Amino acid sequence: MTVRASRPVATALIAAVLLLGSTTAALAEQVKCQRAIAKASAKYVQGRTKVIDKCEQGKTKGQFPAVTVCTSEAKAVLLLGKLEAKLSSSIAKACGGDDKNCTTNDSGEDSPASLGWPAQCPDFETPTYGCTNAIANCADIFTCLKCIQDAAVDQALASYYGNFASGIFGTNSDVNKCQQAIGKATSKFIIARSKAMQKCWDYRLKGLHSNACPNPGDLAGRTMTLIAKADLKKRTTICKACGGPDKICGGAADLTPAQIGFSSSCPAVTTFEPTSCGGAILDAQSIVDCVDCVATYKTDCMDAVAVPEFVSPLPLQCNPNQTTTTTTTSTSSSTSTSTSSTTSTSTSSSSTSSTSTSSTSTSSTTSTSTSSTSSTSTSTSSTTTTSTSSTSST
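Residue numbers here run from 1 along each chain, matching the order of that chain's written sequence. Owing to the predicted nature of the model, reporting of local features is limited to residues with pLDDT of at least 70; listing and counting of side-chain atom pairs is limited to 80 or more, with chain, interface and lining totals taken over all residues. Based on all heavy atoms of the structure, the side-chain values leave hydrogens and waters out of the count.

A. Quick peek at the environment of Ala-36. Runs of E in the DSSP output that reach at least two residues are strands. Runs of H or I that reach at least four are helices, and both are numbered from the N terminus. Assignment of secondary structure puts Ala-36 in helix H1 (residues 2-60). Accessibility expressed as a relative area gives 17% for Ala-36, which makes it buried. As a C-alpha pair, Ala-36 and Leu-87 span 51 residues in sequence and 9.6 Å in three-dimensional space. Here Ala-36 is in contact with Ser-90 and Ala-94, once residues within four sequence places are set aside. Relative accessibility decides the category of a residue: with a 1.4 Å probe and only protein chains considered, values under 20% of the type maximum give buried, values over 50% give exposed, and everything between is partly exposed. Whether two residues are in contact is decided by their heavy atoms: any pair within 4.5 Å suffices.

B. Representation of the packing of aromatic side chains within the structure. Each Phe, Tyr or Trp ring, with Trp reduced to its six-membered ring, pairs with another whose centre is within 6.5 Å; inter-plane angles below 30 degrees give stacked pairs, above 60 give edge-to-face pairs, and intermediate values give tilted ones. In the structure shown here, the tally under the stated rule is 4 aromatic pairs. Here the aromatic rings of Tyr-160 and Tyr-161 are separated by 5.2 Å at their centres, their planes lie at 45 degrees, and the arrangement is tilted. Each member of the pair, Tyr-160 as well as Tyr-161, is classed as buried. On the numbers, 5.3 Å between centres and 15 degrees between planes, the contact of Trp-201 with Phe-310 is stacked. Taken as a pair, Trp-201 in helix H4 (residues 174-205) and Phe-310 in the loop between helix H7 (284-305) and strand E3 (325-333) lie far apart in primary sequence, 109 residues in all. The pair formed by Trp-201 and Phe-310 is uniform in burial state, with each residue classed as buried. Three or more aromatic residues joined by ring pairs make a cluster, and in this case those are Tyr-160, Tyr-161 and Phe-164. Cation placement over rings: the criterion is NZ of Lys or CZ of Arg within 6 Å of the ring centroid and within 35° of the ring normal. Cation over ring: Lys-234 sits above Phe-189, and NZ or CZ is 3.8 Å from the ring centre.

C. Representation of a positive patch on the surface. Patch building starts from residues that exceed 30% relative accessible area and form no salt bridge, then joins like charges within 9 Å and nonpolar side chains (Val, Leu, Ile, Met, Phe, Trp, Tyr) within 5 Å. Using a 1.4 Å probe, the Shrake-Rupley method yields the accessible areas, and only the shown protein chains count as cover for residues. Salt bridge criterion: a side-chain nitrogen from Lys or Arg within 4 Å of a carboxyl oxygen from Asp or Glu. Neither His nor the chain termini are counted; the positive set is Lys and Arg, and the negative set is Asp and Glu. By convention, the point assigned to a charge is CZ for Arg, NZ for Lys, CD for Glu and CG for Asp. A cluster of basic side chains, namely Lys-32, Lys-39, Lys-43, Lys-50, Lys-86, Lys-93, Lys-100, Lys-195 and Lys-199, defines a positive patch on the protein surface. No other element matches the 4 residues that H1 contributes to the positive patch. With respect to the element layout, Lys-32 can be found in helix H1.

D. Layout of the pattern of salt bridges. Enumeration over the complete set of coordinates arrives at 15 salt bridges. As a salt-bridge pair, Lys-146 and Asp-150 come within 2.6 Å of each other at their nearest N and O atoms. One end of the pair is Lys-146 and the other is Asp-150, both in helix H3 (residues 138-161) and 4 residues apart, which spans about a single turn. Each of the two residues, Lys-146 as well as Asp-150, counts as buried. Linking Asp-202 and Lys-206 is a salt bridge whose minimum nitrogen-to-oxygen distance equals 3.9 Å. Looking at Lys-206, the relative accessible area reads 41%, which means it is partly exposed.

E. A look at empty space enclosed by the protein. A pocket here means an open set of points on a 1 Å grid, computed over the protein atoms alone, that has protein on both sides within 12 Å along at least five of seven lines. A cavity is instead a set of points where a 1.4 Å probe fits but cannot get out; residues with an atom within 4 Å of a point line either one. Grid points are joined across faces, edges and corners, and a volume is the space filled by probe spheres set on the points. Overall, the coordinates contain 1 cavity of 30 Å³ or more when judged by the stated rule. If you add up the space inside the largest cavity, you get close to 90 Å³. Along its surface, the largest cavity is lined by 13 residues, and Ala-38, Ser-41, Ala-42, Met-302 and Asp-303 are the ones closest to its centre. Put simply, the parts of the chain that give the lining of the largest cavity at least two residues each are H1, H4 and H7. Looking at the lining of the largest cavity element by element, the count peaks at 4 residues for H1.

F. Inspection of the state of the cysteines at higher detail. Two cysteine sulfurs form what is called a disulfide whenever their separation falls within 2.5 Å. The final tally for this structure, using the stated rule, is 11 disulfides. In this model Cys-178 forms its disulfide with Cys-242; the gap between the sulfur atoms is 2.0 Å. When the S-S torsion is 105 degrees, as for the bridge of Cys-178 with Cys-242, the disulfide is right-handed. One end of the pair, Cys-178, is in helix H4; the other, Cys-242, is in helix H5 (residues 222-242), with 64 residues separating them in the sequence. Each member of the pair, Cys-178 as well as Cys-242, is classed as buried. The partner cysteine of Cys-277 in its disulfide is Cys-293, sulfur to sulfur 2.0 Å. Because the torsion about its S-S bond is -85 degrees, the bridge between Cys-277 and Cys-293 counts as left-handed. On the criterion of sequence distance, the pair formed by Cys-277 in the loop between strand E1 (265-266) and strand E2 (279-280) and Cys-293 in helix H7 is long-range, its members being 16 residues apart. When its relative accessible area of 7% is taken as the criterion, Cys-277 is described as buried. For Cys-293, a relative accessible area of 10% corresponds to the buried category.

Here's what the structure looks like:
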């Protein structure tokens with residue numbers, strides 16, 4: 001009797017173990033895909049920044065005509081094409097299922113929703129850049145990432161290279177050296193910050209911490225240390241070239257924004273902290289502060305879009321085009337009851353790149369009155385308004 005009774009139990013235990021093993025394997029594949037997306041996206045950002053920066057440096061050194069569009073320059077086009085292919089293949093290899101193809105639905109392929117991705121690409125900044133493709137498979141994830149990363153990288157580099165006084169390109173004068181230093185140092189900072197952020201999120205995906213990135217970041221504090229080191233190097237390099245004889249920004253005889261050909265005002269974007277970048281560009285120090293702020297903003301937005309499992313929806317700083325929907329419904333009939341109901345729900349979520357707290361308040365008031373008259377009427381009105389805003393800070 002004992003042996004017979006134990007057989008169903010043993011069968012159930014075996015089934016449970018097999019199910020647990022299957023679930024664990026599925027989760028491992030999902031995390032593998034998420035890690036691959038974040039890493040491939042960061043490498044694409046770093047590669048594109050490096051390619052375009054090299055072309056822009058060539059312009060400041062007189063190697064290319066000042067009117068050259070670097071995204072169309074022959075060598076740059078070739079290199080950018082390789083980066084695009086690498087981004088696509090890296091995502092397909094990790095997320096495309098058994099056949100490693102994002103456009104075929106086969107076993108082992110996770111849905112974008114299970115990976116934390118929205119049904120539509122969230123776009124980037126204002127004006128919009130058309131990064132709104134539907135996301136139904138990992139090929140659509142690639143399309144979304146490339147669109148947003150292209151826009152953000154190109155904007156970041158244009159914010160400093162785009163306004164330089166081209167008349168002194170190739171002269172190797174102090175002003176020309178300052179231009180080169182601003183461009184190269186800031187591009188290096190973008191690359192360094194992107195690397196640090198990607199490592200931070202990768203540590204979290206591996207279960208090594210559960211913090212927001214970059215602050216507080218990984219438990220050892222490496223993320224903030226790496227970013228601080230890159231920031232110091234950027235500031236030192238720019239001030240050495242643009243800070244006058246004492247090589248200190250804010251010191252004596254600094255080169256002026258007008259001499260360099262820098263914009264008179266910094267773009268009015270806001271970082272996750274939040275810190276507003278907008279303001280007048282009056283001297284070398286404000287140039288350093290501006291490129292630092294804008295580079296931080298662009299890099300963190302590019303990073304956030306690649307990890308929607310931790311940062312969703314894309315913060316308002318990166319995507320101010322989120323919509324608010326209001327629905328109003330009214331009905332009337334011939335009864336002797338008047339009912340008025342109003343429900344208002346507001347949800348506010350604030351996160352530091354990956355963590356969010358939300359508060360929901362709901363108020364409902366219902367009143368009913370009945371009267372006996374020769375004519376009766378009923379009015380029922382219901383108004384529901386929902387607004388959602390999300391702000392992420394790092």
